[in-house]
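Residues per chain, in single letters:
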Amino acid sequence: MRAAPARVRRVVSLVPSLTEAIAATAPDLLVGATDWCVHPAGLDVVRVRGTKNPDVDRVIALEPDLVVANFEENRAADLDRLRAAGVPVWETVVRDLPEALSELAAMLAACGLEEPPWLDAARTAWADVLDEPPPPARTAVVPIWRRPWMVLGRETFAGDLLARLGVANLYADDPERYPKVTVERILDRRPDLVVLPDEPYAFGPGDGPEEFPDVRVALVSGRHLEWYGPSLAEARRVLTASL
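Quick caveat: nothing in here was measured; it's all calculated off a predicted structure. (Residues numbered from 1 in each chain as written. Predicted model: local features only at pLDDT ≥ 70, side-chain atom pairs only at ≥ 80, totals over all residues. Heavy atoms only, no water.)

A. Quick look at unusual backbone geometry. Look at the link from His-39 to Pro-40: it is a cis peptide, with omega at 0°. Within the secondary structure, Pro-40 sits in the loop between β2 (30–33) and β3 (46–47). The omega angle of the peptide bond from Arg-147 to Pro-148 is 0°, so this bond is cis rather than trans. Within the chain, Glu-63 stands out as a residue other than glycine whose phi angle is a positive 50°. Counting through the fold element by element, Glu-63 comes out in the loop between α2 (56–61) and β4 (66–70). Since its relative accessible area comes to 60%, Glu-63 is described here as exposed. (Helix = DSSP H or I, 4+ residues; strand = E, 2+ residues; numbered from the N terminus. Buried < 20%, exposed > 50% of the residue type's maximum accessible area, 1.4 Å probe, protein only.)

B. Structural detail: helix α3 (residues 76–84). Within α3, burial applies to Asp-78, Leu-79 and Leu-82. Seen along its axis, α3 keeps its buried residues to an arc of 95°; they face one direction. Seen from the open side of α3, the exposed residues pointing more than 90 degrees away from its buried face are Ala-76 and Ala-84. Elements in contact with the buried residues of α3: α2, β4 and β5 (89–92). (Arc of directions from axis to C-beta. Contact = heavy atoms within 4.5 Å.)

C. Summary view of the packing of aromatic side chains. For the structure shown, the criterion picks out five aromatic pairs. With a centroid separation of 5.4 Å and an interplanar angle of 80°, the aromatic rings of Trp-145 and Tyr-201 are classed as edge-to-face. Highlighted residues: Trp-145 in strand β7 (residues 143–145) and Tyr-201 in the loop between β11 (193–197) and β12 (216–220), separated in sequence by 56 residues. Judged by centre distance (5.8 Å) and plane angle (20°), the ring pair of Trp-149 and Phe-203 falls under stacked. Here Trp-149, found in strand β8 (residues 149–151), pairs with Phe-203, found in the loop between β11 and β12; they are 54 residues apart in sequence, far enough to count as distant. Phe-203 carries the same exposure label as Trp-149, and that label is buried. Ring-pair connections join several aromatic residues into one group, and the members of that group are Trp-145, Trp-149, Tyr-201, Phe-203 and Phe-212. (Phe/Tyr/Trp six-rings, centres within 6.5 Å; stacked < 30°, edge-to-face > 60°.)

As C-alpha cells, then:
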C-alpha cells in the first residue's frame, strides 16, 4: 500500500538508494534519512537510525509529508506504525532493473517531481538489455556476508543486474533470496567468478578473496551493484570494468 499527498514539501527517506535519488533531484525536499544514507556525501539532514530499526518517533516528529521506503529494506511493522500515526508512506518494490526504473519514476512523481536527467541517462545506459537479459557468458556466486556466509539467491535486484551483464547467478533458483551457505558449497557449484561487493559486508582485498584461491574473484562497488538510483547511469560501465 502506498499513498502520497497532493503536495510534498518534506520527505524522510528510509532507503539509501531513494535518498540519493531524491537528493540528486530535489535535495531541499529531504528532512530526514537513515544513518546508512551516505550518498551524496555531506548530506545535511536529521538521521533516524537504520533501515531495519528506524526511530519511528523521530520520523513522526519531523512532520514529513511523505516517507519513502522499500518492501525489502524496511520492516512492515515500522511502516504500519507510521501509517497509523497518519504519515503517508510510499513503499517501493524493486526486484529487477526494469522494476527499479519504473519504481524510481513513480516515487519521484509521488514527491511531485518531474523525471530528472539522471533517470533518462540510466535508461539509455541499459536500453539494449532492458527487454531481456543477454545469454549468459559466465556464471557467478555473489556473497553478501560472511560469518555466516550468505549469497544472493532468487529475485534480487543485484542478481538481475548481473544477468543483464551476461553473468548468471548460480543461486538464482534457490528457494531463499539470501541463502546461508559455506565456502565448500560455493566451490561445489564451480562458478566462473565469485563477486564480492563492498556492502553490506565490506569485502576487500584482504577480506574475502583468500577463501577462493582457485576462482577468479571480482571486488565490486556495492553502490553500483545493489543500489537503484543515480548510480545506475554509470553502473554498467563501472561493473563491466570490475568484472
